[in-house]
Amino acid sequence: MPEKSCNFTSSNKLEIFALIFSVSIITFNHAKYIEKTINSILKQKTTFRFEILIHDDASEDETSIIIEKYKKKFPNIIFPIYQTENQYNFLKKNVSPNNPPLNHVNFKRARGEFIAMCDGDDFWQSENKLEIQVMQMRNHKNIDVSFHGLNIFNYKNQKNIEKLISKKNKIFNTNKVIFYHHRLYTSTVTMMIRKRLVLNLPEFYFKVPTEDFYLLLFGSKRGGALYISKVLSTYNLFVPNSWSSKKRNPNHYLYNVKTLFDVKKYYKFSFFSVIT
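Residue positions are counted from 1 within each chain, in the order its sequence is given. Given that the model is predicted, a residue must reach a pLDDT of at least 70 before its local features are reported, and side-chain atom pairs must reach 80 or more before they are shown or counted; all residues, however, enter totals for whole chains, interfaces and linings. Side-chain calculation: all heavy atoms of the structure are included, whereas hydrogens and water are not.

Helix numbers and strand numbers start at the N terminus; a helix is a DSSP run of H or I with at least 4 residues, a strand a run of E with at least 2. Considering the arrangement of structural elements, one finds asparagine 157 in the loop between strand 6 (145-154) and strand 7 (159-163). Sequence-wise, asparagine 157 and phenylalanine 238 are 81 residues apart; in three dimensions their C-alpha atoms are separated by 9.8 Å. There is a polar contact of 3.0 Å between the side chain of asparagine 157 and the backbone nitrogen of lysine 159. Contacts described as polar in this section are N or O atom pairs within 3.5 Å, which, within protein, must combine one atom able to donate a hydrogen with one able to accept it, while residues neighboring in sequence count only if both atoms come from side chains.

In structure tokens form, the structure reads like this:
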């Protein structure tokens, strides 16, 4: 008999099921969006428990007040960190001038077997996203990373576009992940990884110019990256204070090339001519 999906926001269900999943939210000045983000995760119907780890990067609006309200309501699910100094700006100044990664703050404290990511201005539109993605990864035990189709909402022109790169599920090897790059993959909001992937990240990971793409790349090394042909999330493009709205470092793409050579060296030149 199949297990019945449940919504685990009521505390009397918390100790019955194992905690399988951790959700990492990175947010800064997202007071207009963070409530929708959190609610979209709390509404997930799953056969397992999950935790929500929120990293508030010293927001200057009411983001932290909203998060604290949810923490008090769901103390066994929501675990925030409130920075007093903006870590993105600190790392950009002292570690990497491009787009320093921040999810590692939550990776270190994640207790789940799997980790999903969602920026504080995006949301999961399907209540079954977690269940679908976890079941797919459990069916592919050699897969360390998966991603799926999504809806892209353009804040500037107020239009929605669905991005489905295939009509059926596919597995992309590392060379194809590199070759297709953002034609293949669009946003953190679609990604799920096994926690073991982040336990031994290379040192240069903390300087990569686009964290989500390189997690996809690292995750594809063992068994490929699993693509799930369903639209399960919404990515808000050009929202104020988002990555897509920030001014690019003029050397961003050059640094991407350099980082790909770091990847090639790290994996002992095991890739083909895609990055030579």
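The discussion continues.
This part takes up the pairing of strand 3 (residues 78-82). When strand 2 (residues 49-56) meets strand 3, the two strands line up parallel, connected through 5 bridges. The partner of aspartate 56 across the bridge, within strand 3, is tyrosine 82. The crossover handedness rule: strands pointing away from the viewer, path from first strand over the helix to second strand clockwise, crossover right-handed. Crossover connection from strand 2 via helix 2 (residues 63-73) to parallel strand 3: handedness right-handed. Between any two strands, at least two bridges found by DSSP are needed for them to pair.

Between Lys or Arg on one side and Asp or Glu on the other, a salt bridge is scored when a side-chain nitrogen of the former is within 4 Å of a carboxyl oxygen of the latter. By the definition in use, this model includes 8 salt bridges. Between glutamate 127 and lysine 45 there is a salt bridge whose closest N-O contact spans 3.3 Å. Here the residue glutamate 127 occupies a position in the loop between strand 5 (123-124) and helix 5 (129-139), and lysine 45 occupies one in the loop between helix 1 (34-42) and strand 2, the gap between them amounting to 82 residues. Given a relative accessible area of 38%, lysine 45 falls into the partly exposed group. The residue arginine 196 makes a salt bridge to aspartate 144 at a minimum N-O spacing of 3.0 Å. Taken together, the residues span a long stretch of sequence, with arginine 196 in the loop between strand 9 (192-194) and helix 7 (211-223) and aspartate 144 in the loop between helix 5 and strand 6 at a distance of 52 residues. Judged by relative accessible area, which is 7%, aspartate 144 ranks as buried. The structure contains a network of salt bridges with shared partners spanning Glu113, Asp144, Arg194, Arg196 and Arg222. Summary of the burial criterion: residues with accessible area below 20% of their type's maximum are buried, those above 50% are exposed, and those between are partly exposed, where the area comes from a 1.4 Å probe applied to protein chains only.

With that settled, the discussion passes to the packing of helix 7 against helix 8 (residues 252-266). Between helix 7 and helix 8, whose axes approach to 12 Å, the crossing angle comes to 25 degrees. When the axes of helix 7 and helix 8 are compared, the pair comes out roughly parallel. Here helix 7 runs over helix 8; the crossing is right-handed. Here helix 7 contributes Phe213, Tyr214, Leu217 and Phe218 to the contact with helix 8, which in turn contributes Asn256, Thr259, Leu260 and Val263. Orientation is described by axes fitted as lines to C-alpha atoms, over the contacting stretch for helices, and by angles from 0 to 180 degrees between their N-to-C directions. An angle below 35 degrees is treated as roughly parallel, one above 145 as roughly antiparallel, one from 65 to 115 as roughly perpendicular, and anything else as oblique. Each helix crossing is assigned a hand: it is left-handed if the near helix lies turned anticlockwise from the far helix by less than a right angle, otherwise right-handed if that turn is clockwise. Here a residue-residue contact requires only that any non-hydrogen atoms of the pair lie within 4.5 Å.

For serine 40, the position within the fold is in helix 1. Within polar-contact distance, the side chain of serine 40 engages the backbone nitrogen of tryptophan 124 at 3.1 Å. When residues no more than four places from it in sequence are discounted, the contact partners of serine 40 are Phe123 and Trp124.

A few words now on the pairing of strand 6. Strand 6 sits mainly inside the fold: 10 of its 10 residues count as buried. Summarising the sheet, strand 6 and strand 9 pair through 2 bridges and their orientation is antiparallel. Its bridge partner lying in strand 9, serine 146 is registered against methionine 192. The pairing of strand 6 with strand 10 (residues 225-237) spans 10 bridges and is classified as parallel. Counterpart to phenylalanine 147 in the pairing with strand 10 is tyrosine 227. Across 5 bridges, the pairing between strand 6 and strand 7 is antiparallel. Of the residues in strand 7, the one forming a bridge with leucine 150 is lysine 163. The antiparallel pairing of strand 6 with strand 7 creates a hairpin that spans 4 residues between the two strands, and glutamine 158 there sits at a positive phi of about 60 degrees.

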